[in-house]
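# Fold and contact review
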Amino acid sequence: QGITTMSASVAALHGLTVRRGGASAPRVRSITTRAVEEPKETTADDPAGFKVVRGIPPGIKTRPAPDVDRTQITGDWRTGKIWRPPPGTPKFRVDLGKGTVEIVDDEEERRKYARMRAMNAAAAAGKAGIDTDADPAALVPERQIKLRDNGNVVIAAMTEEDCVDATKLIMALFFKVRPQDFLAKDRLQKEQSERVYQGLVDGVVNGKDRLLVAAKVGGKVVGVAEVSLPGGKRFGAEKLEPRAPEDEPYISDVAVAPNQGKRGIGRQLVRACEAAMCAKGLRKMYTHTKVDNEAAQALFERAGYVEPAEIKASLTQMQIAQRGTKGGPLAKLGLVEVGHILLAKELDPAEY
């Protein structure tokens, strides 16, 4: 602050590069020094935690900034010592043309560009005639995407006509019967199918707090995904441990037909859901995967989802023990609960 121009020798002390060329700028005659933030560590030799940098060019005077408490910093300001702030302090942006030095806060820069991307996404949605407060399905325009094997898939919001095929796909992948219920398998499967179908239709027709997305190949539904918006129903997922925040979107039931696997369809479904949430101004999304569902874990990890450090640190002994049952015979038979992993991803509008 208070520095208007800078010579090459002074810039070198701060790790800056001064580009040559153009009119030469007058040399610095004085420097205002300031402690940018509280020191993180202290030493016996230097209680303030700053590193003393010697070698000020001759003729340069130093003076403390008016708000610097001299009693908190060791050394004699009149001898020409500069106090370098500890690592992690803001960077400097030098504009020799204007004769200014600007302090750059990395976190503020990140927030600024995130706001700009959000505004751009909202503007793009406006140009496309999308009302971000309307039906979530409007946030998923139909798109034909080329897959890694050069085939094509159509990603779009699910329609009522898609619900029959979507129900069959979900039942084929997720419906399981415990050994003790084997004799009632047909009845349980029929009842569950009806519940799934009615739930999908309700979500497509009436759901303002849910987003249902379908992937089609040759006009046939081969993949589905669902997002519960903040505060929306999660149909049992709200009971899973560790708990996912209710004020963030939650993606679930990402399913792809087995004969369409390894083509990247699952990833395109997830991306469509993420893009829709970004268009609504949301910047984080959560999901659960079962501990023994390695395919789902691989899908989300490749998409950038990770287990939050604070969640991992807060696992209970029971949850840790459940993870230890992964791959065991009792888990394969469905006789013990293997537990779930909570994953999260920071959404960046620039990706979509």
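Residues numbered from 1 in each chain as written. Predicted model: local features only at pLDDT ≥ 70, side-chain atom pairs only at ≥ 80, totals over all residues. Heavy atoms only, no water.

Turning next to the overall build of the protein. When helices and strands are tallied, the protein shows 9 helices and 13 strands. By residue count, 37% of the 352 residues in the protein fall in the buried class. A sequence separation of at least 24 residues applies to 66% of the contacts in the protein between residues at least 6 apart. A total accessible area of about 21200 Å² is found for the protein, and carbon and sulfur atoms account for 51% of it. (Helix = DSSP H or I, 4+ residues; strand = E, 2+ residues; numbered from the N terminus. Buried < 20%, exposed > 50% of the residue type's maximum accessible area, 1.4 Å probe, protein only. Contact = heavy atoms within 4.5 Å. Areas by Shrake-Rupley, 256 points an atom, 1.4 Å probe, with all protein chains shown as cover.)

A few words on the pattern of salt bridges. Overall, the coordinates contain 9 salt bridges when judged by the stated rule. For the salt bridge of Arg263 with Asp149, the shortest nitrogen-to-oxygen distance reads 2.7 Å. Taken together, the positions of Arg263 in the loop between strand 11 (250-256) and helix 5 (265-279) and Asp149 in the loop between strand 7 (143-146) and strand 8 (152-157) put the pair 114 residues apart, joining distant regions of the chain. On the basis of relative accessibility, which here comes to 41%, the residue Asp149 falls in the partly exposed class. One continuous salt-bridge network, built from bridges that share partners, spans Arg267, Glu274, Lys345 and Glu351. (Salt bridge = Lys/Arg side-chain N within 4 Å of Asp/Glu carboxyl O.)

Moving on, we come to helix 4 (residues 185-205). The terminal C-alpha atoms of helix 4, which comprises 21 residues, lie 30 Å apart, in line with the 30 Å expected from a rise of 1.5 Å per residue. Buried within helix 4 we find Val196, Leu200, Val201 and Gly203. Taken around the axis of helix 4, the buried residues stretch over an arc of 160 degrees, which confines them to a single face. Counted as exposed and oriented over 90 degrees from the buried face of helix 4: Lys190, Arg195 and Gln198. Looking at the buried residues of helix 4, the elements they touch are helix 3 (163-174) and strand 9 (210-217). (Expected span 1.5 Å × (residues − 1). Arc of directions from axis to C-beta.)

Moving on, we get to the environment of Pro249. For Pro249, the position within the fold is in the loop between strand 10 (220-228) and strand 11. Residue Pro249 is classed as buried on the basis of its relative accessible area of 0%. Separated by 17 residues in the primary sequence, Pro249 and Gly232 have C-alpha atoms spaced 8.5 Å apart. Residues within four places of Pro249 in sequence aside, it is in contact with Val227, Ser228, Pro230, Met277, Leu282, Lys284, Met285 and Tyr286.

Further remarks concern unusual backbone geometry. Going from Glu241 to Pro242, the amide bond is cis rather than trans, its omega being -5 degrees. As for its position among the elements, Pro242 is in the loop between strand 10 and strand 11. The phi dihedral of Phe235 is positive, around 50 degrees, even though this residue is not glycine. Among the secondary structure elements, Phe235 is positioned in the loop between strand 10 and strand 11. The class for Phe235 is exposed, based on a relative accessible area of 51%. If you check the backbone angles, Asp253 has positive phi at about 50 degrees while not being a glycine. Assignment of secondary structure puts Asp253 in strand 11.

Counting buried positions along strand 10 yields 8 of 9 residues, so the element is predominantly enclosed. As paired elements, strand 9 and strand 10 share 8 bridges and run antiparallel to each other. Residue pairing for strand 10: Val217 is matched across the bridge by Lys220. Counting the residues that bridge the hairpin from strand 9 to strand 10 gives 2 residues, and of these Gly218 lies at a positive phi of roughly 60 degrees. (Pairing = 2+ DSSP bridges.)

So, about the packing of helix 3 against helix 4. Across the interface, helix 3 lies against helix 4 with an axial gap of 9 Å and an inter-helix angle of 135 degrees. One element, helix 3, and the other, helix 4, form an angle in the oblique class. For the pair helix 3 and helix 4, the sense of crossing is right-handed. Counting all contacts with helix 3, which are made through Cys163, Val164, Ala166, Thr167, Ile170 and Met171, the residues of helix 4 involved are Gln189, Gln192, Ser193, Val196, Tyr197, Leu200, Val201 and Val204. For the contact of helix 3 with helix 4, the per-class residue count stands at 10 nonpolar, 4 polar and no charged. (Axes fitted to C-alpha atoms, helices over the stretch in contact; angles between N-to-C directions. Parallel < 35°, antiparallel > 145°, perpendicular 65-115°, else oblique. Left-handed = near helix turned anticlockwise from the far one by under 90°. Nonpolar A, V, L, I, M, F, W, Y, C, P; charged D, E, K, R; others polar.)

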